[in-house]
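Observations on chain architecture
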Amino acid sequence: MEKIPVGILGATGMVGQWFVRLLADHPWFEITALAASARSAGKTYAEATTWVIPGEPPEAVREMTVERCEPPLPCRLVFSALPGAEAGPIEEEFAAAGYVVSSNARSHRYDPDVPLLIPEVNPDHLGLIQVQRRRRRWPGFIVTCANCSTAQLVLALEPLRRAFGLKAISVVTMQALSGAGYPGVPGLSILDNVIPYIPGEEEKVEREPNKIWGVLRGDDIAEAKLAISAHCHRVATRDGHLEAVSVALEREATREELIGVLEDFRSLPQKLGLPSAPARPIVVRKEPDRPQPRLDREEGGGMSVVVGRVRECPVLDWKLEILGHNTVRGAAGGAILNAELLLAQGFLS
Ligand code: NAP
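Rules used throughout
- Residues numbered from 1 in each chain as written.
- Predicted model: local features only at pLDDT ≥ 70, side-chain atom pairs only at ≥ 80, totals over all residues.
- Heavy atoms only, no water.
- Pairing = 2+ DSSP bridges.
- Helix = DSSP H or I, 4+ residues; strand = E, 2+ residues; numbered from the N terminus.
- Axes fitted to C-alpha atoms, helices over the stretch in contact; angles between N-to-C directions.
- Domains from an automatic or database assignment.
- Contact = heavy atoms within 4.5 Å.
- Buried area = accessible area lost by both parts, 1.4 Å probe.
- Salt bridge = Lys/Arg side-chain N within 4 Å of Asp/Glu carboxyl O.
- Polar contact = N/O pair within 3.5 Å; in protein donor to acceptor, adjacent residues only side chain to side chain.
- Near = heavy atom within 4 Å.
- Areas by Shrake-Rupley, 256 points an atom, 1.4 Å probe, with all protein chains shown as cover.
- 1 Å grid on protein atoms, 1.4 Å probe; cavity = no way out; pocket = protein on both sides within 12 Å on 5 of 7 lines; lining within 4 Å.
- Sits in = over half its atoms within 2 Å of the grid points.
- Nonpolar A, V, L, I, M, F, W, Y, C, P; charged D, E, K, R; others polar.
- Buried < 20%, exposed > 50% of the residue type's maximum accessible area, 1.4 Å probe, protein only.
- Phe/Tyr/Trp six-rings, centres within 6.5 Å; stacked < 30°, edge-to-face > 60°.
- Points joined across faces, edges and corners; volume = space filled by probe spheres on them.

A word on the sheet that holds strand 4 (residues 77-80)
Judged by pairing direction, the sheet is parallel, and its 7 strands sit side by side in the order 3-2-1-4-5-7-6 without closing on themselves. A single partner strand is all that each edge strand has here, and the edge strands are strand 3 (67-68) and strand 6 (116-117).

Structure (structure tokens):
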């Protein structure tokens, strides 16, 4: 198969670097354009980038010239790792110019005609693409992936929702520093500390799952109405968000049944054999002190979520810990999986 030429908007940033790394040897996609702000445009990628993620920048991109984030770029699909404040109009410009945009940014997540997609959970929401194109008269379109904390929460709870129904969720997050980009949170603010506030994060975690778990009816998503309470904290880990979660279920279940449905969960990306789909989207650890960010974040190449400590909750029904790699499953890897689903479902032809 001839590879699809792809570009990365915001290629020099933290998530942009993960895109570069994950796409370097991708079997379906080939990086043909890198773009960032006017500060970086015209420089080589190596000159423009302070490389801060594990490994070295791939040889193939080091000497590529960074472009401005505006069409035309020599590609059909662009991955967006732009800041939320900048992404909105830039992504629209690309979709209007005929590009497929797979975005990480928050700007279009709540647009009623834009899919907020987790391929294992709501692949049918791709039905919004034709609505979006029709309403906006765009030859291209935008799909978005969820906020990093939402993505791992919703993926891990999806088997429980399907088997037993969800009534309410309480989540306390411990979010890694990489989630704030680079240079991110100043060292003196986070060393020896936990910061109990991440601007906008609790609102996202409380809102996004209800769109993702919504039902596509005609041209619209009828959102779910789950009660969700989120407390979000920044902690001094590098990668991997840990979430302490309590859930109330619609139907009674035993601990063994919960663990069984979590371990057995497979979905469309696994069935289609998408290149970034982990064989096991959810990995359950039985030890009393797992999952831990440093030990478990690389599970499934960072695309699996790891669940542990499933136990009874005296307030809601059950408690569990959920860990996900925020810059892989929660950002670049999630957007790449979305694009793989688009290709497999015929939206890139
Ligand atoms: P970042 O490290 O600050 O990188 C931002 C990128 O956007 C850089 O390439 C920057 O280019 C470019 N940029 C900034 N302003 C621009 C403008 N006006 N026009 C064009 N390009 C511009 O941010 P990040 O952490 O990678 O996050 C990127 C996006 O992903 C954000 O929307 C964030 O909310 C989302 N996200 C992040 C995570 C995570 O875990 N970090 C998870 C999920 C989603 P220069 O280098 O030239 O300035």
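Picking up where we left off.
Concerning the sheet that holds strand 14 (residues 305-312)
With mixed pairing, the 6 strands of this open sheet are ordered in space as 11-8-12-15-14-13. Across the chains shown, the open sheet's two edge strands, defined by having one partner strand only, are strand 11 (227-234) and strand 13 (282-285). On average, each strand axis in the sheet is inclined to that of its neighbour by 25 degrees, with strand direction left out of account. Summarising the sheet, strand 13 and strand 14 pair through 4 bridges and their orientation is parallel.

With respect to the domain arrangement of the protein chain
Annotation of the protein chain at the domain level lists domain 1 (4-146 + 332-344) and domain 2 (148-325). For domain 1 versus domain 2, the separation of C-alpha centres amounts to 24 Å. Taken together, the contact between domain 1 and domain 2 spans 35 residues of the former and 37 residues of the latter. Both faces combined, the contact of domain 1 with domain 2 buries some 2,900 Å², and carbon together with sulfur accounts for 67% of it. Together, Tyr-110, Glu-120 and Val-121 form the three largest contributors to the area buried by domain 1 at its contact with domain 2, with a combined 24%. Connecting domain 1 to domain 2 are 3 salt bridges. Linking domain 1 with domain 2 are 11 residue pairs in polar contact (both at pLDDT 80 or more), by the criterion used here.

What to know about the site of the ligand
Near the ligand there are 28 residues, and of these Thr-12, Ser-37, Arg-39, Ser-40 and Leu-82 occur at the shortest range. One of the side-chain nitrogen or oxygen atoms of Thr-12 is found 2.5 Å away from an oxygen atom of the ligand. Within the side chain of Asn-326, a nitrogen or oxygen atom sits 3.2 Å from an oxygen atom of the ligand. Burial of the ligand by the protein chains amounts to 81% of its free accessible area of 910 Å². Judged by its atoms lying within 2 Å of the grid points, the ligand is housed in the largest pocket. The set of elements that each furnish at least two residues to the shell around the ligand consists of helix 1 (14-23), helix 4 (84-96) and helix 12 (328-344). Looking at the shell around the ligand element by element, the count peaks at 3 residues for helix 4. The residue makeup of the shell around the ligand, split by class, is 13 nonpolar, 13 polar and 2 charged.

Points about the pattern of salt bridges
Across all of its chains, the model carries 14 salt bridges by this definition. Notably, a salt bridge pairs Glu-120 with Arg-329, separated by 2.8 Å at the nearest N-O pair. Of this pair, Glu-120 sits in the loop between strand 6 and helix 5 (128-136) while Arg-329 sits in helix 12, and the two are 209 residues apart along the sequence. Between Asp-219 and Arg-134 there is a salt bridge, with its nearest N and O atoms 2.4 Å apart. Of this pair, Asp-219 sits in the loop between strand 9 (215-217) and strand 10 (220-222) while Arg-134 sits in helix 5, and the two are 85 residues apart along the sequence. Accessibility expressed as a relative area gives 29% for Asp-219, which makes it partly exposed. Counted as one network, the salt bridges with shared partners bring together Arg-285, Glu-287, Arg-290 and Asp-296.

Description of the packing of aromatic side chains
Across all of its chains, the model carries 5 aromatic pairs by this definition. Ring centres of Tyr-45 and Trp-51 lie 6.5 Å apart, and the angle between their planes is 80 degrees; this geometry places the pair in the edge-to-face category. You'll find Tyr-45 and Trp-51 in the same group, each marked buried.

Observations regarding the layout of surface pockets
Taken as a whole, the largest pocket holds about 1,400 Å³ of empty space. Along the walls of the largest pocket sit 49 residues, with Ala-81, Leu-82, Pro-83, Ala-180 and Gly-181 positioned nearest its centre. If you list the elements that add at least two residues to the lining of the largest pocket, you get helix 1, helix 4, helix 8 (201-212) and helix 12. Broken down by element, the lining of the largest pocket gets its largest block of residues, 4 residues, from helix 1. In this model, the second largest pocket occupies a volume close to 170 Å³. Around the second largest pocket sit Met-14, Val-52, Ile-53, Pro-54, Leu-177, Ser-178, Gly-181, Tyr-182, Pro-183, Val-185, Arg-238 and Asp-239, which together line it.

A look at unusual backbone geometry
Note that the residue after Pro-71, namely Pro-72, is joined by a cis bond; omega there is 0 degrees. Relative to the helices and strands, Pro-72 is located in the loop between strand 3 and strand 4. For the peptide bond that leads from Arg-290 to Pro-291, omega is 5 degrees, which places it in the cis range. Relative to the assigned elements, Pro-291 resides in the loop between strand 13 and helix 11 (293-296). Of note, the phi angle at Arg-137 is positive, near 55 degrees, even though the residue is not glycine. Note on placement: Arg-137 falls in the loop between helix 5 and strand 7 (141-145). Note on Arg-137: relative accessible area 74%, which makes it exposed. Here Asp-192, not a glycine, exhibits a phi torsion of approximately 60 degrees, which is positive. Position of Asp-192 among the secondary structure elements: in the loop between helix 7 (187-190) and helix 8.

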